[in-house]
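Spelled out, the chains give:
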Amino acid sequence: MGASLGSASADPSGRSGFAIPRFFRSPRRVIGAVFILYLVLVAVGNILAGEYTMQQFSRNLVFGLAQGSIYSLIALGYTLVYGVLLMINFAHGDVFMAGAYIGFFAITFMDNAGLLASNTLLAVLFTIFVGVAASITVALLLERIAYRPLRGAPRLVPLITAIGASIAIQQLFMLLFGSSVRRYPDVSLFAFPNIFPDLNCTVEAGVEICRGIDLISGRYDVVILGLELRILPIHVVVFTTSLVLMAALWFFVRRTKTGRAMRSVAEDPKTAMLMGVNVDRVIVITFALGAALAGAAGVLFALYNQQVSPFIGFLPGLKAFTAAVIGGIGSVPGAMFGGLFLGVAETVLPGMLGLSSQLKDVVSFTLLVLVLIFRPDGFFGSGMARRKA
């Protein structure tokens, strides 16, 4: 029978001793485990002391899911490109920025034309369409000009090129449109007057008209299960829209002919080419899909953040890359999970640990370090990145 836990064992030199569990052979894992235990104790202490309440948790959770949805949409672009080309497109955050920035001109045009007030839903959909088109255009230009000529180069070369392309896009937008921050116009999109008959009521021509809930600019104080919460419907809209887009991408990748071609190229591009797959076409579609999601995320982000500049893509892009690594780079479900996990963690944990909300970036990247210590392939990683490295 095999030795039981704690039984003596002999090493090759013949000396007797006790087997050391594999976990304790890694000092970084021991330190990481002690650090996690410390954080758990601090969080539990703050909760028991009443310094962090369920009401705060509920508010942070709603905002974290909305923010995490944005990260997920951007992270999907990172993971799609990496899955097919095994490269990190560090300019993807600026593809996100392009959608948000060009969307500003689209929604401003609709506002000046009076359509934003008279037909708000059409104006918002038009803005999202323009933002998606702008992001796709930037991504395809990047693929054709910066990445395709370097496809056979050592992996470090396109990585450096991606960083240079990111800086170039930022500077180009700054030269074209200036470095000042631009503000999206205020948007009110009313819906569900029958479900919310007592909201946003006005008297027009002696008749009271109730327009329902404001999905974009609304802020409502509600009581749910005894908790006093301030609900922003835009957070629910962002979360729901993101889930729909991610589900559509999942269906496309898993159930369509082009999706199967993408998976075959990700597995073995040379064999896929021999089987008749147009690898260049698949790569272009991959960039376009990732850019479309980033463009939609950019407009959604700008609708509730309301401010855009040539530099807004850096931090969300970095967070999205972090989310992709946490979920498992190259994994579509991993990118979805990683984004939501990171968004919730960076809004919930600072308050739970008694930290300032300004330290949320520290929390995000600390989580990245801990995940890399205990699970280098990410939560949904299958070791593909290591096998193909």
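Everything here concerns the structure above.
Analysis parameters
Residues numbered from 1 in each chain as written. Predicted model: local features only at pLDDT ≥ 70, side-chain atom pairs only at ≥ 80, totals over all residues. Heavy atoms only, no water. Helix = DSSP H or I, 4+ residues; strand = E, 2+ residues; numbered from the N terminus. Buried < 20%, exposed > 50% of the residue type's maximum accessible area, 1.4 Å probe, protein only. Contact = heavy atoms within 4.5 Å. Areas by Shrake-Rupley, 256 points an atom, 1.4 Å probe, with all protein chains shown as cover. Lys, Arg positive; Asp, Glu negative; His and termini not counted. Charge placed at Lys NZ, Arg CZ, Asp CG, Glu CD. Disulfide = S-S within 2.5 Å. Salt bridge = Lys/Arg side-chain N within 4 Å of Asp/Glu carboxyl O. Expected span 1.5 Å × (residues − 1). Pairing = 2+ DSSP bridges. Core = buried A, V, L, I, M, F, W, Y, C linked by side-chain atoms within 4.5 Å. Axes fitted to C-alpha atoms, helices over the stretch in contact; angles between N-to-C directions. Left-handed = near helix turned anticlockwise from the far one by under 90°. Nonpolar A, V, L, I, M, F, W, Y, C, P; charged D, E, K, R; others polar. Patch = residues over 30% accessible without salt bridge, like charges linked within 9 Å, V, L, I, M, F, W, Y side chains within 5 Å. Phe/Tyr/Trp six-rings, centres within 6.5 Å; stacked < 30°, edge-to-face > 60°.

(A) The overall build of the protein, seen in detail. Scanning the protein from N- to C-terminus turns up 14 helices and 10 strands. Across the 389 residues in the protein, those meeting the buried criterion constitute 43%. Across the protein, contacts joining residues at least 24 apart in sequence account for 70% of those joining residues at least 6 apart. Here the protein has roughly 20,200 Å² of accessible surface; of this, 67% comes from carbon and sulfur atoms. A distance of 15 Å separates the average location of the 28 positive side-chain charges in the protein from that of its 18 negative side-chain charges.

(B) Main features of the state of the cysteines. On inspection of all chains with the given rule, the structure shows 1 disulfide. The residue that forms a disulfide with cysteine 201 is cysteine 210, at a sulfur-sulfur distance of 1.9 Å. Between cysteine 201 and cysteine 210 the disulfide shows an S-S torsion of about 110°. By sign, it is right-handed.

(C) Geometry of the pattern of salt bridges. Inspection of every chain in the model, using the stated rule, returns 7 salt bridges. A salt bridge links lysine 319 to aspartate 361, with the nearest nitrogen and oxygen atoms 2.8 Å apart. Residue lysine 319 is located in helix H11 (residues 314–327), and its partner aspartate 361 is located in helix H13 (residues 360–374); the two are separated by 42 residues in the primary sequence. A relative accessible area of 23% means that aspartate 361 is categorised as partly exposed. Put simply, Glu143, Arg148, Arg151 and Asp280 are held in one network by salt bridges that share partners.

(D) Fine view of helix H3 (residues 92–112). With 21 residues, H3 extends 31 Å between its outermost C-alpha atoms, agreeing within 8% with the 30 Å of an ideal straight helix rising 1.5 Å per residue. Of all 21 residues that make up H3, 15 are buried, and the element is covered over most of its length. Following H3 by one or two positions, glycine 114 adopts a phi angle in the positive range, close to 85°.

(E) Here's a closer look at the pairing of strand S8 (residues 220–224). Direction of pairing for S8 relative to strand S9 (residues 227–231): antiparallel, over a ladder of 5 bridges. In the strand pairing of S9, tyrosine 220 is matched with isoleucine 231. Between the antiparallel neighbours S8 and S9 lie 2 residues, among them leucine 225 with a positive phi of about 55°.

(F) Focus on the nonpolar core. Formed by 89 residues in total, the largest nonpolar core has its most connected members in Ile70, Leu76, Leu142, Tyr147, Tyr184 and Val308. A total of 15 residues in this core trace back to one element, the largest contributor, which is helix H10 (residues 279–305). Excluding residues that lie within four positions of it along the chain, valine 308 makes contacts with Ala100, Tyr101, Phe104, Ser180, Val181, Arg182, Tyr184 and Ala302. Counting 6 residues, the second-largest nonpolar core is a separate cluster that includes Ala43, Val344, Val348 and Met352.

(G) Main features of the packing of H3 against helix H5 (residues 120–147). Close contact between H3 and H5 brings their axes to 7 Å; oriented N to C, the two are set at 145°. The interaxial crossing formed by H3 with H5 has right-handed handedness. Residues Val95, Ala98, Gly99, Ile102, Gly103, Ala106, Ile107 and Met110 of H3 lie in contact with H5, whose contacting residues are Ala123, Phe126, Thr127, Val130, Gly131, Ala134, Ser135, Val138, Ala139 and Leu142. Residues of the contact of H3 with H5, tallied by class, amount to 13 nonpolar, 5 polar and no charged.

(H) The arrangement of the environment of alanine 296 in detail. Looking at where alanine 296 falls in the secondary structure, it is placed in helix H10. Relative accessible area serves as the criterion here: at 8%, alanine 296 is assigned to the buried category. Residues alanine 296 and serine 166 lie 130 residues apart in sequence; the distance between their C-alpha atoms is 19 Å.

(I) Representation of a nonpolar patch on the surface. Residues Ile36, Val40, Val44 and Leu48 make up a contiguous nonpolar surface patch of about 350 Å² in total accessible area. Looking at the element boundaries, isoleucine 36 is found in helix H1 (residues 27–48). Overall, isoleucine 36 belongs to the partly exposed group, its relative accessible area being 32%.

(J) Layout of the side chain of threonine 258. Here threonine 258 lies in helix H8 (residues 257–267). What makes threonine 258 buried here is its relative accessible area of 18%. Apart from the residues within four sequence positions on either side, threonine 258 is in contact with Phe252, Arg281 and Ile285.

(K) Representation of the packing of aromatic side chains in the model. Scanning the model with the defined rule gives 16 aromatic pairs in all. A ring pair is formed by tyrosine 101 and phenylalanine 173, whose centres lie 5.8 Å apart and whose planes are at 75°; its orientation type is edge-to-face. You can see tyrosine 101 sitting in helix H3 and its partner phenylalanine 173 sitting in helix H6 (residues 156–177), a full 72 residues away along the chain. Residue classification places tyrosine 101 among the buried residues on the basis of a relative accessible area of 0%.

(L) A look at the side chain of serine 166. For serine 166, the position within the fold is in helix H6. Excluding residues within four positions of it along the chain, serine 166 makes contact with Phe90, Ala91 and Asp94.

(M) Here's a closer look at the environment of phenylalanine 96. Within the secondary structure, phenylalanine 96 sits in helix H3. Overall, phenylalanine 96 belongs to the buried group, its relative accessible area being 0%. Between the alpha carbons of phenylalanine 96 and glycine 131 there is a distance of 8.8 Å; along the sequence they are 35 residues apart. When near neighbours in sequence (up to four residues on either side) are disregarded, phenylalanine 96 contacts Ile70, Ile74, Ala294, Ala297, Gly298, Phe301, Ile312, Gly313 and Pro316.

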